[in-house]
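# What the coordinates show
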Amino acid sequence: EEIALSVMATVIGHSKSKNRFIIDAGWMAMSRDRGTAGQRIDQGYGLVCDLDGRPAEDLIVTGANQEHGLVTSRSGEPLDFGLYPLGTQLRVLPNHACSTAAQYDNYHVIESGSIIDTWSRVREWK
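Below is a summary of the structure that appears in this document.

Okay, the pattern of salt bridges next. Going through the model one piece at a time under the given rule, you end up with two salt bridges. Between D50 and R54 there is a salt bridge, and its shortest N-O distance comes to 2.9 Å. A salt bridge links R54 to D52; the shortest N-O distance between them is 3.3 Å. Connected through salt bridges with shared partners, the residues D50, D52 and R54 form a single ionic network.

Structural data, given as structure tokens:
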């Protein structure tokens, strides 16, 4: 509820034999930070949410290549791929907002599902 940013990602592939789907957001989009790995609940590379920012039942990003993320169920239960067809857009709440924010030149401010402003990144201390 207090996370300042999220990364929009799109489901671009299904790997049913590995019980995971692939999104177009990897460590370049979300950072390689696994800061929650030592905590009671590990959030992988990020918590998967619907477009409104509500956490999706049991889904986390468990792997991250440069440009692709791998989404699996935390519990190991089989995924319902019908709920996430190719093209589905999701939001990922990354583990480290600072590292994630550093990857982008601009940020979209969203209210009620619509972009209401765009903020440019500040690249220097004044």
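Attention now goes to the side chain of S73. Its place among the elements puts S73 in strand β5 (residues 69–73). A distance of 3.1 Å separates a polar side-chain atom of S73 from the backbone nitrogen of G76. Separated by 2.7 Å, the side chain of S73 and the backbone oxygen of E77 make a polar contact. Apart from the residues within four sequence positions on either side, S73 is in contact with N19, D58, L59 and L79.

This part is about the sheet that holds β5. Sheet architecture is closed into a barrel: six strands sit in the order β1-β2-β5-β4-β3-β6, paired in antiparallel fashion. Looking at each pair of strands side by side, their axes are set apart by 45° on average, direction ignored. Here strand β1 (residues 7–15) runs beside strand β2 (residues 20–23); their pairing, made up of four bridges, is antiparallel. Bridge pairing in β2 links V11 to I23.

Grouped together as the largest cluster of nonpolar side chains are 20 residues, with contacts concentrated most on F21, I23, L59 and V61. Only β1, β2, α1 (27–30), β4 (55–64) and β6 (89–94) provide two or more residues apiece to this core. No other element matches β4, which puts four residues into this core.

Our focus in this paragraph is the packing of aromatic side chains. Using the criterion set out here, one finds one aromatic pair in the structure. Taking 5.2 Å as the distance between ring centres and 25° as the angle between the ring planes, the aromatic pair formed by F21 and Y84 counts as stacked. Of this pair, F21 sits in strand β2 while Y84 sits in the loop between β5 and β6, and the two are 63 residues apart along the sequence. Judged by relative accessible area, which is 0%, F21 ranks as buried. Under the relative-accessibility criterion, Y84 is labelled buried at 14%.

As a further point, take the pairing of β6. For β6, the tally of buried residues reaches five of six residues, placing the bulk of the element in the interior. Strand direction decides the pairing type here: β1 and β6, joined by four bridges, are antiparallel. What sits directly across from M8, in β6, is R91. In this structure, strand β3 (residues 46–49) lies alongside β6, joined through four bridges in antiparallel fashion. Bridge pairing in β6 links C49 to R91.

How each quantity is defined
Residues numbered from 1 in each chain as written. Predicted model: local features only at pLDDT ≥ 70, side-chain atom pairs only at ≥ 80, totals over all residues. Heavy atoms only, no water. Salt bridge = Lys/Arg side-chain N within 4 Å of Asp/Glu carboxyl O. Helix = DSSP H or I, 4+ residues; strand = E, 2+ residues; numbered from the N terminus. Polar contact = N/O pair within 3.5 Å; in protein donor to acceptor, adjacent residues only side chain to side chain. Contact = heavy atoms within 4.5 Å. Pairing = 2+ DSSP bridges. Axes fitted to C-alpha atoms, helices over the stretch in contact; angles between N-to-C directions. Core = buried A, V, L, I, M, F, W, Y, C linked by side-chain atoms within 4.5 Å. Buried < 20%, exposed > 50% of the residue type's maximum accessible area, 1.4 Å probe, protein only. Phe/Tyr/Trp six-rings, centres within 6.5 Å; stacked < 30°, edge-to-face > 60°.

In short, shape yes, function no, at least from these values alone.
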